[in-house]
Amino acid sequence: MSAPNTRWTTAEELAAFPAPLRYELLRGKLRKMAPAGDAHGAYTMDLATELNYFIRLHDLGRGYAAETGFRLSRNPDTVLAPDFAFIKKARLSGEPGAGYVSLVPDLVLETRSPGDTAKEMADKIALWLSFGVQVALHLEPRTKRLSVHRLEQAPQVLTVADTLSDLESLPGFALPLRQLFV
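Below, the structure is looked at part by part. In this convention, every chain numbers its residues from 1, walking through the sequence in written order. In keeping with the model being predicted, local features are shown solely for residues with a pLDDT of at least 70 and side-chain atom pairs are shown and tallied solely at 80 or more, while totals for entire chains, interfaces and linings include all residues. Derived side-chain values reflect all non-hydrogen atoms in the structure, with water molecules and hydrogen atoms excluded from consideration.

### Let's talk about the sheet that holds strand 7 (residues 107-111)
Test applied: By the convention used here, strands pair only if DSSP detects at least 2 bridges between them. Helical segments are the DSSP runs of H or I of at least four residues, strand segments are the runs of E of at least two, and each set is numbered from the N terminus. The convention used is that axes are lines fitted to C-alpha atoms, helices contributing only their stretch in contact, and that angles between N-to-C directions extend from 0 to 180 degrees. Contacts were defined at the residue level, with two residues in contact if any of their heavy atoms lie within 4.5 Å.
A sheet is described by the order of its strands in space; here 6 strands give the open sequence 3-6-7-8-9-10, paired in mixed fashion. The strands lining the two open edges of the sheet, one partner per strand, are strand 3 (61-64) and strand 10 (156-158). The mean inter-strand angle of the sheet, taken between neighbouring strand axes irrespective of direction, is 15°. Where strand 7 lies against strand 8 (residues 135-140), 5 bridges are found, and the strand directions are parallel. From the neighbouring strand, L109 faces strand 8, where its bridge partner is L137. Along the sheet face, helix 3 (residues 118-130) touches strand 7, strand 8 and strand 9 (145-149) and points at about 170° away from the line of strand 7.

What follows is the structure in structure tokens.
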């Protein structure tokens, strides 16, 4: 029996992986990511489009597309790739650069895929919050629910009858979820 490999993967090594392999890096350990399915992709695109349109219309900062890597820690490295992310304008410095984003997003969207367990999603949301994300949105395509998570607060669970609003980093944003879950 061979000894287990305890060497960590770095963010630079992850960036050099050949496409179409999709991974995240959690404290130096690789985590495979399956491709998104139909409902996942459709609902995520619709919500991300609404969020990004509002961000650009009001010049609030920068939205990031699905699978953009955010390097959240070093030695061991953590690189996570949310389904959508937003960073406030005041925290940005210039044009986008090469490599992973080195800032913690202000807001992230994570959409549950059919293969994700409830515990895996809860752990991922908790991980984002532990790194300093202000608002983590958790989209459930199957049940048509959207949970809004903030550090040290109970999640706010929204249904098709509710409106997504009151997001600290996006003042004035409001989206009736009936428009999302058509």
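### Concerning the nonpolar core
Our working definition: Residues belong to a common nonpolar core when they are buried Ala, Val, Leu, Ile, Met, Phe, Trp, Tyr or Cys residues joined through side-chain atoms within 4.5 Å. The cut-offs for exposure are 20% and 50% of the maximum accessible area for each residue type, with area from a 1.4 Å probe on protein chains only; residues under the lower value are buried, those over the upper are exposed, and the others partly exposed.
Ranked by size, the top nonpolar core spans 24 residues in total, and within it L51, L107, L137, L164, L167 and L170 carry the most contacts. Contributing elements (two or more residues each) for this core: helix 2 (38-57), strand 6 (84-88), strand 7, strand 8, strand 9 and helix 4 (177-180). Ranked by residue count, the leading element in this core is helix 2, at 6 residues. Setting aside anything within four residues of it in sequence, one finds L51 in contact with F84, L107, L137, L167, L170 and F173.

### What about the packing of aromatic side chains?
Spelled out, the test is: Only the six-membered ring of Trp is used, alongside the rings of Phe and Tyr, when aromatic pairs are assigned; centres must lie within 6.5 Å, and planes under 30 degrees apart are stacked while those over 60 apart are edge-to-face, with the rest tilted.
Scanning all chains against the criterion turns up 4 aromatic pairs. Here the aromatic rings of Y43 and F181 are separated by 5.1 Å at their centres, their planes lie at 70°, and the arrangement is edge-to-face. Taken as a pair, Y43 in helix 2 and F181 in the segment after helix 4 lie far apart in primary sequence, 138 residues in all. Here the two residues Y43 and F181 agree in accessibility, since each one is buried.

### Quick word on the environment of D38
Locating D38 in the fold gives a position in helix 2. Classification of D38 as exposed rests on a relative accessible area of 70%. As a C-alpha pair, D38 and P141 span 103 residues in sequence and 9.6 Å in three-dimensional space.

### Quick word on helix 3
To keep things clear, this is the line we draw: One less than the number of residues in a helix, times 1.5 Å, gives the span that helix is expected to have.
With 13 residues, helix 3 should cover 18 Å at 1.5 Å per step; its first-to-last C-alpha distance of 18 Å lies within 8% of that length. What helix 3 keeps buried is the set M121, K124, I125, L127, W128 and L129. Positioned one or two residues after helix 3, G132 has a phi angle of 110°, which is positive.

### Let's talk about the pattern of salt bridges
Stated formally: A side-chain nitrogen of Lys or Arg and a carboxyl oxygen of Asp or Glu constitute a salt bridge if their distance falls within 4 Å.
Going through the model one piece at a time under the given rule, you end up with 7 salt bridges. The partner of D77 in a salt bridge is R74, and the shortest N-O contact between them spans 3.1 Å. R74 gets classed as partly exposed once you look at its relative accessible area, which sits at 41%.

### Topic: the side chain of S169
Considering the arrangement of structural elements, one finds S169 in the loop between strand 11 (163-165) and strand 12 (174-176). The residues contacting S169, other than those within four sequence positions of it, are L60, F86, K88, D106, L107 and Q134.

### Here's the deal with the pairing of strand 6
On a regular strand, one side chain projects to one face of the sheet and the next to the other, so that they alternate. For strand 6, a buried count of 4 out of 5 residues is recorded, marking the element as mostly surrounded by other parts of the structure. Note: strand 3 against strand 6, 4 bridges, orientation antiparallel. Looking across to strand 6, one finds that Y64 is bridged to A85. Sheet analysis places strand 6 next to strand 7, joined by 3 bridges and oriented antiparallel. Of the residues in strand 7, the one forming a bridge with F84 is L109.

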